[in-house]
Amino acid sequence: MRRLLTLTALFASLSASAAPPSQESIEKLMAATKVETMMDSVYSSMEQMMRQGLKQSVQGQSLSPEQERILDEFPPRFMALVREEMNWRKLKPLYVQLYRDTFEQEEIDGMLAFYASPAVDSLILRARRTQDDAQSAALVHELSGGRFRFGIGVSHGPTLARL
């Protein structure tokens, strides 16, 4: 009987410590880690990479003013579509669910305490930007199946065909 009570107390304490995080704490953590701001940074990096890729793909070629206009207009128009389809309003519920499925309340509380440090702000801004740039480049390369060349993948075919 004593063992049963001990096991029951142990399982009760484990289940209490494994409480799912609250919506409020997840949103506080996402604000502290500046997830929304980082998404904007990724979009800006993607647009810049696209601009560079397009310019490199036509390097040495003589372009008409119309072709240059198309090259200049494509990246912001494409990124406007990406931002519209993948805006924070649409992505936030997915992020909340991912955090809820991944972390426990105690872990979220610990991360919130960590991110309250002023030194962490600098770390987040600098390290995250570097990581996002590297991941974006690696993802685009991987998704293109090796056809990615200086930012130009198969999805850019119609644009290039118009040049």
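Right, let's walk through the structure included here. (Residues numbered from 1 in each chain as written. Predicted model: local features only at pLDDT ≥ 70, side-chain atom pairs only at ≥ 80, totals over all residues. Heavy atoms only, no water.)

## Thoughts on the overall build of the chain
Applied cut-off: By definition, any uninterrupted DSSP run of H or I lasting at least four residues is a helix, any uninterrupted run of E lasting at least two residues is a strand, and each is numbered from the N terminus. A simple rule labels every residue: compare its accessible area, found with a 1.4 Å probe on the protein chains alone, to the largest value its type can have, and call it buried under 20%, exposed over 50%, or partly exposed in between. Pairs of residues are marked as contacts when any of their non-hydrogen atoms sit within 4.5 Å.
Helices and strands together make up the secondary structure of the chain, namely eight helices and zero strands. Counting from the amino terminus, the chain carries its helices and strands in the arrangement α-α-α-α-α-α-α-α. Split into buried and exposed, the 163 residues of the chain put 29% on the buried side. For the chain, long-range pairs separated by at least 24 residues make up 86% of all intrachain contacts whose partners lie at least 6 apart in sequence.

## Examining the packing of aromatic side chains
This is how it is decided: Aromatic pairs are defined between Phe, Tyr and Trp rings, using the six-membered ring for Trp, whenever the two ring centres lie within 6.5 Å; interplanar angles under 30 degrees are classed as stacked, those over 60 as edge-to-face, and all others as tilted.
Under the definition given, this model contains four aromatic pairs. With centroids separated by 5.4 Å and ring planes inclined at 55°, the aromatic side chains of Trp88 and Tyr95 adopt a geometry described as tilted. By relative accessible area, which is 17% here, Trp88 ends up buried. For Tyr95, a relative accessible area of 25% gives the class partly exposed. Ring plane angle 75° and centroid distance 5.1 Å describe the contact between Phe114 and Tyr115, whose orientation is recorded as edge-to-face. Since its relative accessible area comes to 19%, Tyr115 is described here as buried.

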